[in-house]
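# Breakdown of the fold
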Amino acid sequence: MKLSVVVVNQNTCLSLKQALNSIVNACISIDYELFIVDNASADGSLEMIENDFPQAHLIANSTDQGLAKANNLALRQVKGEYILLVNADTICGKSSLEKMCSFMDEHNDAGGLSVRMLSPHGRFLPESIHGLTKTWAAFLKFIGFAKYLSKTRLYNRNRKDWVEEFQIAEVDIVNGACMLLRRSVLNETGLFDERFFMFGHDIDLSYRIRLAGFKNYYFPKTYIIKSESHPLAKFSWSYIKYFYGAMFIFAFKYLLRVPEIKVAGLLQLFPSTYEVK
């Protein structure tokens, strides 16, 4: 089988239906399977999936398992050579998946791939290239980790190697809204770290792909349309807990292994909050 598509959903029935329709249309000439993991939706999503997409493998969770764990539930079952992890609020171009798989076929060193992302109004989303929001970028720079992500090119647009919107390039981070992964590489890196409940899991896996000796690529010869809406209100307690908590998990997980970076201050703030693997 060529491709396994995994979509995690939580109460996004209308957006999910659009996303799944676009995926099915984009897979007409691809040998594929479709997994939908539902995190305790109460908006009719399950009924819609069963009625409109009976070919899909549905994993229905009774509670919200978070994105990392929900994706892992499907990743343990997939059979495709490549795995597409895509948000429920995205729309694929008609030939997007064929082009993405062809690129992976031609680049055996590719572990992960992201594409050009556009807003519903056609605005280019710069996180397509570097995979990080401004807040994550600022955090990684603050703690001194940005120097280990030399291909993010976040801070100086005048650099000669700056990646433009339509330029194919190697990148550090593959954006989790649309990640195409090589299954054989996942067998080496392992699945998502489930301590990342909603944020940061894509950054962590992208970094592990590089540590394993493979490359991540930005491929702008096709696109997806991505909604800019967010399920959690910014500055709500849940948002703060999961968003900023993910940053501390990432820092503790990697910076303790890098002796020249000092994280004593962070450890004093949260001395035993997270186990370091």
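To keep things clear, this report deals only with the structure shown in the data block. Source: prediction; values computed, not measured. (Residues numbered from 1 in each chain as written. Predicted model: local features only at pLDDT ≥ 70, side-chain atom pairs only at ≥ 80, totals over all residues. Heavy atoms only, no water.)

This part covers the pattern of salt bridges. Across all of its chains, the model carries 11 salt bridges by this definition. Arg210 is the salt-bridge partner of Asp172, the closest N and O atoms lying 2.8 Å from each other. On the criterion of sequence distance, the pair formed by Asp172 in the loop between β7 (169-171) and β8 (178-182) and Arg210 in helix α8 (residues 201-211) is long-range, its members being 38 residues apart. Taken together, the salt bridges that share partners define one network made up of Asp193, Arg195, Asp204, Arg208 and Lys253. (Salt bridge = Lys/Arg side-chain N within 4 Å of Asp/Glu carboxyl O. Helix = DSSP H or I, 4+ residues; strand = E, 2+ residues; numbered from the N terminus.)

What follows concerns helix α4 (residues 96-106). Taken as a whole, α4 has its buried residues at Ser96, Leu97, Met100, Cys101, Phe103 and Met104. Projected down its long axis, α4 shows its buried positions confined to an angular sector of 155°, all on one face. (Buried < 20%, exposed > 50% of the residue type's maximum accessible area, 1.4 Å probe, protein only. Arc of directions from axis to C-beta.)

Moving on to the nonpolar core. The nonpolar side chains of a soluble globular protein tend to be buried, and buried together. Among the nonpolar cores identified, the biggest contains 38 residues, and Leu3, Val5, Val7, Leu84, Leu97 and Met100 are the most heavily contacted of them. Setting aside chain neighbours within four positions, we find Leu84 in contact with Leu3, Ser4, Val5, Val6, Leu97, Met100, Cys178, Met179 and Leu180. Of all hydrophobic cores here, the second largest spans 24 residues; its members include Ile143, Ile173, Met247 and Ile249. (Core = buried A, V, L, I, M, F, W, Y, C linked by side-chain atoms within 4.5 Å. Contact = heavy atoms within 4.5 Å.)

This next bit is on helix α6 (residues 134-142). Listed in full, the buried residues belonging to α6 are Trp136, Ala137, Phe139 and Leu140. The buried residues of α6 occupy an angular sector of 165° when the element is viewed end-on, so they sit on one face. What points out from α6, more than 90 degrees from its buried face, is the exposed set Lys134 and Phe142. Elements in contact with the buried residues of α6: α8 and α9 (237-255).

This next bit is on unusual backbone geometry. The phi torsion at Asn11 lies on the positive side, around 55°, for a residue other than glycine. Assignment of secondary structure puts Asn11 in the loop between β1 (3-9) and α1 (13-26). One non-glycine residue with positive phi stands out, namely Ala40, at about 60°. Along the chain, the position of Ala40 falls in the loop between β2 (32-39) and α2 (45-52). Residue classification places Ala40 among the partly exposed positions, given a relative accessible area of 29%.

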